[in-house]
Amino acid sequence: MKQKLILFIIATVVVLLAGYWLVQGLSRTEVTVDVDEGINLTPEQITSIKQIGEWEFLAVADEELVDTVRKGLFSNDHLVRIYYGTVRLGINMRQVQPGWIKTQGDSIAVVLPKVGLLDRDFIDEGRTKSFFESGKWSHRDREALFSKAYRQMLSHCLTSENLQNARLNGEAQFRKMMRSMGYDHVSISWEE
């Protein structure tokens, strides 16, 4: 019993001394706050933005009905196919020019590469359907029909209106990213 009382007294003294030292230490602690008025992009952050690579701003799904006719002596041969594809518009961040990003305080100015076609292989040949076929058609004939569908898709999807919508989407996405990094004033322009 006597040993328990001695251990209790020692433990109490240790706790009281620790509390005293803690209170004394806290009363002498100083807290200072330094305000950094500027936001600085590090070279690593700029590199990581550039490494995004291709950045899609607009995807346009399209289908094209394409046909060809071969005149015959007694009858005509017809080949009609439906091609499906998705034309993707955006930028490649690896194409940014030196000095493409400039910061000053809470402001940032960015010059982005020209919006364009991201993938030249946009027709999904697995979804291509033969709509109507009469007569015998060679591989070369089918390739010519594919090329015609390709040109039609580009013509219908790579319009000035779609390019403008892609730029607007790109500006919104880039502005949001820069604001999340702390920039209040974001200026975005495009290379021509």
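Cut-off values and rules
Residues numbered from 1 in each chain as written. Predicted model: local features only at pLDDT ≥ 70, side-chain atom pairs only at ≥ 80, totals over all residues. Heavy atoms only, no water. Core = buried A, V, L, I, M, F, W, Y, C linked by side-chain atoms within 4.5 Å. Buried < 20%, exposed > 50% of the residue type's maximum accessible area, 1.4 Å probe, protein only. Helix = DSSP H or I, 4+ residues; strand = E, 2+ residues; numbered from the N terminus. Contact = heavy atoms within 4.5 Å. Pairing = 2+ DSSP bridges. Axes fitted to C-alpha atoms, helices over the stretch in contact; angles between N-to-C directions. pLDDT = per-residue confidence, 0-100. Phe/Tyr/Trp six-rings, centres within 6.5 Å; stacked < 30°, edge-to-face > 60°. Lys NZ or Arg CZ within 6 Å of the ring centre and 35° of its normal.

A.B. asks: Describe the nonpolar core, with residues and values.
C.D. replies: Ile-91, Met-93, Trp-100, Leu-112, Val-115 and Phe-174 are the most contacted members of the largest nonpolar core, which has 35 residues in total. A per-element tally of this core places helix 3 (residues 139–157) first, with six residues. When neighbours within four sequence positions are excluded, Leu-112 is seen to be in contact with Ile-91, Met-93, Trp-100, Phe-174, Ile-188, Ser-189, Trp-190 and Glu-191.

A.B. asks: Lay out the sheet that holds strand 4 (residues 107–112) in plain terms, naming residues and giving numbers.
C.D. replies: Strand order across the open sheet formed by three strands is 3-4-7, with mixed pairing between neighbours. If you trace the sheet from one side to the other, it starts and ends with strand 3 (101–104) and strand 7 (185–190), each paired once. Mean inter-strand twist for the sheet, computed between neighbouring axes without regard to direction, equals 10°. The sheet contact formed by strand 4 and strand 7 spans six bridges and is parallel.

A.B. asks: Pulling in residues and values, what's your account of the confidence of the model for the protein chain?
C.D. replies: Scored by pLDDT, the protein chain comes out at a mean of 82, with 73% of its residues at no less than 70. Per-element averaging of pLDDT across the protein chain places helix 1 (residues 2–27) at the bottom with 56 and helix 3 at the top with 95. Confidence drops under pLDDT 50 across residues 31–37; counting only partners more than four residues distant or on other chains, this segment forms one contact.

A.B. asks: Summarise the packing of aromatic side chains; cite the residues concerned and give the values.
C.D. replies: Per the stated rule, a full pass over the model turns up seven aromatic pairs. Ring geometry for Tyr-83 against Phe-146: centres 6.0 Å apart, planes inclined by 75°, an arrangement best described as edge-to-face. Placement of Tyr-83 in strand 2 (residues 77–92) and of Phe-146 in helix 3 is noted, with a sequence separation of 63 residues between them. Given the relative accessible area of 23%, Phe-146 is considered partly exposed. Every member of this aromatic cluster is reached through a ring pair, and the members are Trp-55, Phe-57, Trp-100, Phe-174 and Trp-190. Stacked on the ring of Trp-137, the Lys or Arg Arg-70 has its end atom at 4.0 Å from the ring centre. In this structure, Arg-127 is placed above the aromatic ring of Tyr-84, and the distance from its NZ or CZ to the ring centre is 4.3 Å.

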